[in-house]
Amino acid sequence: PSGQAQLFFDPAQTMLGIFRRALKQTAEGGIAKIERQGAHPIYVGNGLRFVSTPMPEAYLRAVCARNISESPIDVVLLDVDAKTLGVSEDPRLRRLDNMLWKISLWSSRGRVPLGTSLSAPVRLRSWPNIPRLMTVPHEMRIAALWLKEPSGLLETAQKLGVPCRYVFAFYTACQSFDLVEQQVAAQSEVTP
């Protein structure tokens, strides 16, 4: 059980879960405000594909590393015009895909979501837009392997000779974009 926390995490208990909830709330339009008491808010507009926040990335990374129970975060749907939150030249305005990718990596911290099989073959459905996104060590090799020869997460690390944390983080970020799928797992494996 103590080793489980090093391999698995519950996205719902991290900033990744909060961010996904905000995206769902704004799917039909509108703006969601993600706020932790005393911190800079994050404004998310799924329909407009933007994120606006004055929060420094180092601070956001620290928030992503925490469990929500340690630092509660609220999501509120706002009835405001997106234009009032910033314009394209506004330094607070960031690409939604880039922010989701970073939050996925930072929340993962080299782990995979609960319920993920470590041995079921992973197939890459399509390539992430790697040049625009934060890099993960060995990401090109991992993506090429999953595209050519679906492999389990642990098997991928072994075949490529890379630390599992990079494979796990890359898988979690790709999963946030629905770019990967796991095939049927071996029956002998137990996943949390």
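For the structure, see preceding data.
Please read these numbers as outputs of a predicted model, since none were measured by experiment.

(A) Expanded view of the overall build of the protein. What the protein contains, in helices and strands, is seven helices and nine strands. Sorting the 192 residues of the protein into buried and exposed places 46% on the buried side. If you take every contact in the protein between residues at least 6 apart in sequence, the share linking residues at least 24 apart comes to 73%. For the protein, the computed accessible surface area is about 10000 Å², with 52% contributed by carbon and sulfur atoms.

(B) Structural view of helix α7 (residues 164-176). For α7, spanning 13 residues, the distance from its first C-alpha to its last is 18 Å, which sits close to the expected 18 Å at 1.5 Å a residue. For α7, the complete set of buried residues consists of V167, F168, A169, F170, Y171, T172, A173, C174 and S176. In the segment just after α7, D178 is the residue with positive phi, at about 60°.

(C) Representation of the environment of L118. Residue placement: L118 occurs in the loop between β7 (112-113) and β8 (122-124). Considered as a pair, L118 and G152 are 34 residues apart in the sequence and their alpha carbons are 5.9 Å apart.

(D) Structural detail: the packing of helix α5 (residues 139-148) against helix α6 (residues 153-160). The contact between α5 and α6 brings their axes to 11 Å, and the two run at 120°. Judged on the interaxial angle alone, α6 and α5 are oblique. Our pair here, α5 against α6, has a crossing hand that is right-handed. Facing α5, whose interface residues are R141, I142, L145 and W146, α6 presents L153, T156, K159 and L160. Each residue belonging to the contact of α5 with α6 can be placed in one class, and the counts come to five nonpolar, one polar and two charged.

(E) Inspection of the environment of V167 at higher detail. Relative to the helices and strands, V167 is located in helix α7. On a C-alpha basis, the gap between V167 and T156 in space is 7.2 Å, while along the polypeptide they are 11 residues apart. Setting aside its immediate chain neighbours within four residues, V167 contacts I142, W146, L153, T156, A157 and V162.

(F) Just the sheet that holds strand β4 (residues 50-52), in detail. Strand order across the open sheet formed by five strands is β5-β2-β3-β4-β6, with antiparallel pairing between neighbours. The outermost strands of the open sheet, each flanked by one partner alone, are β5 (73-78) and β6 (93-95). For this sheet, the mean inter-axis angle between neighbouring strands, taken without regard to orientation, is 25°. Looking at chain direction, strand β3 (residues 42-45) and β4 are connected through three bridges and run antiparallel. Note on β4: the bridge partner recorded for G45 is F50. The sheet contacts of helix α4 (residues 96-108) involve β3, β4 and β6, and relative to β6 the element is tilted by about 75°.

(G) Representation of the nonpolar core. Core analysis: the biggest nonpolar cluster contains 26 residues, and W146, L153, V167 and F170 have the highest contact counts within it. Put simply, the parts of the chain that give this core at least two residues each are α4, β8, α5, α6 and α7. The element best represented in this core is α7, accounting for seven residues. Setting aside residues up to four positions removed in sequence, W146 forms contacts with V122, R123, L124, S151, L153, T156, V167, F170, Y171 and V180.

Reading guide: rules and limits
Residues numbered from 1 in each chain as written. Predicted model: local features only at pLDDT ≥ 70, side-chain atom pairs only at ≥ 80, totals over all residues. Heavy atoms only, no water. Helix = DSSP H or I, 4+ residues; strand = E, 2+ residues; numbered from the N terminus. Buried < 20%, exposed > 50% of the residue type's maximum accessible area, 1.4 Å probe, protein only. Contact = heavy atoms within 4.5 Å. Areas by Shrake-Rupley, 256 points an atom, 1.4 Å probe, with all protein chains shown as cover. Expected span 1.5 Å × (residues − 1). Axes fitted to C-alpha atoms, helices over the stretch in contact; angles between N-to-C directions. Parallel < 35°, antiparallel > 145°, perpendicular 65-115°, else oblique. Left-handed = near helix turned anticlockwise from the far one by under 90°. Nonpolar A, V, L, I, M, F, W, Y, C, P; charged D, E, K, R; others polar. Pairing = 2+ DSSP bridges. Core = buried A, V, L, I, M, F, W, Y, C linked by side-chain atoms within 4.5 Å.

By themselves, these figures tell us nothing about what the structure is for.
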